[in-house]
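# Coordinate inspection notes
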Amino acid sequence: MKMRLAVCLSMMLLCQLFFAKRCSAAGTQASVTEVSTGVGELLGRTTTLDPRVKMTEEELARYLRFRDGYFWVVQGMSLLTVVSNAFIIAVIPRYKSVGVPHVYMLAMAVCDLIIGLCSAWKKLSERLNHLTKTAHFISSYTYWAVIGLDSTSSTSAALILMFLSVDRCLALKYPIKHKVLWSAEKAKILSVTAGLLAFVVGLYYPLAHTVSKDFSTAIPGVVASYTTQLGENEVFNTVARVLEFVLRFAIPLAVTVVSNTITLAEIRKSDSFRKNEIEGDQPVRNTKCLTLTIGVVILFFFTQVLWGGVLVDGMIFTHAHRGTFVMECVVTMADMFVKFNSLSNFFIYFGFSTEFRITFMTLFGCKKEACKRDWESPVPESGKSVSQETLNSSKNMV
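Residues numbered from 1 in each chain as written. Predicted model: local features only at pLDDT ≥ 70, side-chain atom pairs only at ≥ 80, totals over all residues. Heavy atoms only, no water.

Moving on, we come to the overall build of the protein chain. Scanning the protein chain from N- to C-terminus turns up 14 helices and 2 strands. Taking all 398 residues of the protein chain together, the buried fraction comes to 47%. Long-range pairs, those at least 24 residues apart, make up 79% of the contacts in the protein chain with a sequence separation of at least 6. If you sum the accessible surface of the protein chain, you get close to 20400 Å²; carbon and sulfur atoms cover 67% of it. (Helix = DSSP H or I, 4+ residues; strand = E, 2+ residues; numbered from the N terminus. Buried < 20%, exposed > 50% of the residue type's maximum accessible area, 1.4 Å probe, protein only. Contact = heavy atoms within 4.5 Å. Areas by Shrake-Rupley, 256 points an atom, 1.4 Å probe, with all protein chains shown as cover.)

What follows is the structure, encoded as structure tokens:
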């Protein structure tokens, strides 16, 4: 299994580097003047203004250099996103007990893996669409569909993270009722429901935009897009933008902040009570799943807040500020932060979850006996052993 995994990852890396190298070389063949002229000609044939029309020729040249560098960043981040979330999907089902939070973690990993694939294909489409008629044909039918799938996955991940945060809060505050009333099967149903709801949000992009099928309009780095008749409807645009902002950013952020505030307060109260009941130097162990949830939520806030500003600009000002050099760079950076959020969960799980770390090491190279000893016989800094009851409780909560 390890050999097959290594071969698959190697082939994925080689294929991605091959296509990236080829389309990068093709993209550099056209000068800034040629691309600028192509954009100008394109504007006469499309109803959608290209994002760069508000830039001077000097700003356009700087933006193209910035975008070329970002292309390589996206390819590297996409590869890491796919690999890291594939690891999560492989590791968590091998836990001794897969509970409700693990279902949400798996669902988020699937969403993040799709985001990685969509990000890589979107940038490759922008570079490959002018090479051949076949490449242009494939790009024209997949470009906006992939953007819609990316938005669907991002919205799903945000909603599922919200469910995870609320679930851990309720499990801590009402442990008995939560265990009786909630289950992993119900968590799966809720995750699928979040995906279907997010799918409605993602439909906006392929319904409101289409790509020119005329190969003569293809130029390096630009996908000649048109606004459809439905996309020109202001009511439809407004509803779609508000819906995406609310489901992808506003509601998840507000709910996770409230639920994690309650969670932290309950942890503080629980720790104070346990310290009074146990010896003063006895270590007090917190459930790791709560630590993971809080870490993921904090990362979500810092990586999504910039993209939330972009969504607000589209919702209130209908992207009136798009097209300037500064705004396009902000949009690019916001997109990069979102991609970083998709690849970082693996490192949070590996750093803060002992069960994830041990299962991962057991699955990919660690001797099972050594890993088992490390998991079953932790030694606290005080030198005193942890009671088996406390250890078993900690294992079950992780």
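Turning to a nonpolar patch on the surface, a few remarks are in order. On the surface, a nonpolar cluster with roughly 510 Å² of combined accessible area is contributed by Ile298, Phe301, Phe302, Val305, Leu306 and Phe337. Examining the composition of the nonpolar patch, we find that 5 residues originate from one element, helix H10 (residues 288–317), more than from any other. By secondary structure assignment, the location of phenylalanine 302 is in helix H10. (Patch = residues over 30% accessible without salt bridge, like charges linked within 9 Å, V, L, I, M, F, W, Y side chains within 5 Å. Salt bridge = Lys/Arg side-chain N within 4 Å of Asp/Glu carboxyl O.)

Going through the model one piece at a time under the given rule, you end up with 7 salt bridges. With a closest N to O distance of 3.8 Å, lysine 339 and aspartate 150 form a salt bridge. Taken together, the residues lysine 339 in helix H11 (residues 325–352) and aspartate 150 in helix H5 (residues 133–173) connect sequence positions 189 residues apart. For the pair formed by lysine 339 and aspartate 150, the shared burial category is buried.

A word on the packing of H11 against helix H12 (residues 354–363). Orientation of H11 relative to H12, taken along the N-to-C sense of each, is 100°, at an axis distance of 5 Å. As judged from the angle between their axes, H11 and H12 are roughly perpendicular. Note on element contacts: H12 touches H11 through Thr354, Phe356, Arg357, Phe360 and Met361, opposite Phe346, Tyr349, Phe350, Gly351 and Phe352. Grouping the constituent residues of the contact of H11 with H12 by class yields 7 nonpolar, 2 polar and 1 charged. (Axes fitted to C-alpha atoms, helices over the stretch in contact; angles between N-to-C directions. Parallel < 35°, antiparallel > 145°, perpendicular 65-115°, else oblique. Nonpolar A, V, L, I, M, F, W, Y, C, P; charged D, E, K, R; others polar.)

Let us now look at the environment of leucine 161. Locating leucine 161 in the fold gives a position in helix H5. In this structure, the C-alpha to C-alpha distance between leucine 161 and proline 101, residues 60 residues apart in sequence, is 9.8 Å. Apart from the residues lying within four places of it in its own chain, the contact partners of leucine 161 are Met108, Thr256, Val296, Val297 and Phe300.

Because an α-helix packs 3.6 residues into every turn, residues spaced three or four apart end up facing the same way. Along H12, 7 of the 10 residues are buried, which leaves the element largely enclosed by surrounding structure. When H12 is considered as a whole, its buried residues turn out to be Thr354, Glu355, Phe356, Ile358, Thr359, Phe360 and Leu363. Positive backbone phi, approximately 135°, marks glycine 365, located one or two places after H12.

Another aspect to go through is the packing of aromatic side chains. For the structure shown, the criterion picks out 17 aromatic pairs. With centroids separated by 5.1 Å and ring planes inclined at 65°, the aromatic side chains of phenylalanine 87 and phenylalanine 364 adopt a geometry described as edge-to-face. With phenylalanine 87 in helix H3 (residues 57–91) and phenylalanine 364 in the loop between H12 and helix H13 (368–376), this pair connects stretches of sequence that are 277 residues apart. Overall, phenylalanine 87 belongs to the buried group, its relative accessible area being 17%. A residue is classified by how much of its surface remains accessible, and phenylalanine 364, at 24% relative accessible area, is partly exposed. By way of ring pairs, the aromatic residues Phe87, Phe346, Phe347, Tyr349, Phe350, Phe356, Phe360 and Phe364 are connected into one cluster. Arginine 127 extends its terminal NZ or CZ atom over the ring of phenylalanine 71, reaching a point 4.4 Å from the ring centre. (Phe/Tyr/Trp six-rings, centres within 6.5 Å; stacked < 30°, edge-to-face > 60°. Lys NZ or Arg CZ within 6 Å of the ring centre and 35° of its normal.)

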